[in-house]
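Observations on the model geometry
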Amino acid sequence: MYPVTRSSARLALRELIIEDADPVLAIYGSPEATEHLSFEPRTREQVGQIVARSIAAATATPRTEYALAVIERETGELIGFGRLATDPHQQRGATMGFALRPDAWGVGYGVETVRLLLAVGFDDLGLHRIWGARSPLNEASAKTMSAVGMVEEGLIREHVLKAGAWRDSVVHAILDREWRADS
């Protein structure tokens, strides 16, 4: 499926373009925005490579990754990054992740972003299960995933190496029938 476009009251998802590298850097290069993510802040060069890879992956057949810009509709600004990646070890399953610029936190954009990603996964791609993992310390992400109907399933012990230390992740997931019942 290409191109992906989805919108809500305040946000829109769209395919990445090469000019998105600097706005994505405001997220992926930010120590605050990446504090609970699985990687250290990225450099401009690394972000440029991520954006270029994501653009190339968007037209792959079959498409297995949906790396999308989160746009604030009122301003047209890229304020976030969302990703769905189909899971080759799980029939009709995918992982989901998202990150927003710190200045966009606290106003419900996380919930809107995740709802848009889940709509792409369930309504457009016909997936059965979508899951995401978060840092155990990321309470905002826990609240966001709970608010959209995702269920906390358990802990993956010491599966992320960040800043020289192993970190657990908490898994949240939602099934297609739960999504439809909640939508």
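Here, the structure is the one placed above.
We now turn to the structure provided with this report. Residue indices begin from 1 for each chain and proceed along its sequence in written order. Thresholds applied to this predicted model are a pLDDT of at least 70 for local features of residues and 80 or more for the giving and counting of side-chain atom pairs; totals over whole chains, interfaces and linings are not thresholded and use all residues. Hydrogens are left out, water is left out, and the side-chain values use all remaining heavy atoms of the structure.

Thoughts on unusual backbone geometry
- Residue threonine 61 is joined to proline 62 through a cis peptide bond whose omega torsion reads -5°.
- The topology assignment puts proline 62 in the loop between helix H2 (44-57) and strand S3 (65-72).
- Its identity is not glycine, yet glutamate 158 carries a phi of approximately 40°, on the positive side.
- Each helix corresponds to a stretch of at least 4 residues labelled H or I by DSSP, and each strand to a stretch of at least 2 residues labelled E; elements are numbered beginning at the N terminus. The topology assignment puts glutamate 158 in strand S7 (residues 151-162).
- Positive phi is not limited to glycine here, since alanine 163 has a value of about 55°.
- Only protein chains enter the accessibility calculation, which uses a 1.4 Å probe; a residue is then buried when its area is under 20% of its type maximum, exposed when over 50%, and partly exposed in between. Residue class for alanine 163 comes out exposed when judged on its relative accessible area of 69%.

Considerations on the packing of helix H1 (residues 21-28) against H2
- Helix axes are fitted only over the stretch in contact, all axes being lines through C-alpha atoms; the angle between N-to-C directions runs from 0 to 180 degrees. Put simply, H1 and H2 touch, their axes get as near as 9 Å, and they point 120° apart. Crossing handedness for the pair H1 and H2: right-handed. On H2, the residues touching Ala21, Asp22, Val24, Leu25 and Tyr28 of H1 are Arg44, Val47, Gly48, Ile50 and Val51.
- Each residue receives one of three labels: charged for Asp, Glu, Lys and Arg, nonpolar for Ala, Val, Leu, Ile, Met, Phe, Trp, Tyr, Cys and Pro, and polar for the others, Gly being one of them. Residue classes in the contact of H1 with H2 are distributed as seven nonpolar, one polar and two charged. A clockwise turn of the near helix away from the far one marks a right-handed crossing, whereas an anticlockwise turn of less than a right angle marks a left-handed crossing. Here a residue-residue contact requires only that any non-hydrogen atoms of the pair lie within 4.5 Å.

Notes on the pattern of salt bridges
- Put simply, a salt bridge is a Lys or Arg side-chain nitrogen that is within 4 Å of an Asp or Glu carboxyl oxygen. Tallied over the entire structure, the rule returns 13 salt bridges.
- The closest approach of N and O atoms between aspartate 124 and arginine 6, which form a salt bridge, is 2.9 Å. Note that aspartate 124 is positioned in helix H3 (residues 109-124) and arginine 6 in strand S1 (residues 5-7), a separation of 118 residues in sequence.
- With relative accessibility at 33%, the residue aspartate 124 sits in the partly exposed group.
- Given a relative accessible area of 24%, arginine 6 falls into the partly exposed group.
- A salt bridge links arginine 63 to glutamate 15, with the nearest nitrogen and oxygen atoms 2.9 Å apart.

A few points about H3
- One less than the residue count of a helix, multiplied by 1.5 Å, gives the span that helix is expected to have. Between its first and last C-alpha atoms H3 spans 21 Å; for 16 residues at 1.5 Å apiece the expected length is 22 Å, and the two agree.
- Extensive coverage of H3 is indicated by the burial of 13 of its 16 residues.
- Directly beyond the C-terminal end of H3, a positive phi value near 70° is found at glycine 126.

What about the packing of aromatic side chains?
- Here a Phe, Tyr or Trp ring, Trp counted by its six-membered ring, pairs with any other such ring whose centre lies within 6.5 Å, and the pair is stacked when the planes are under 30 degrees apart, edge-to-face when over 60, and tilted otherwise. Tallied over the entire structure, the rule returns three aromatic pairs.
- One aromatic cluster is present, built from ring pairs that chain together Tyr28, Phe39 and Phe81.
- The rule is short: NZ of Lys or CZ of Arg within 6 Å of the ring centre and within 35 degrees of the ring normal puts a charge over the ring. Its end group placed over the ring of phenylalanine 39, arginine 42 keeps NZ or CZ at 4.1 Å from the ring centre.

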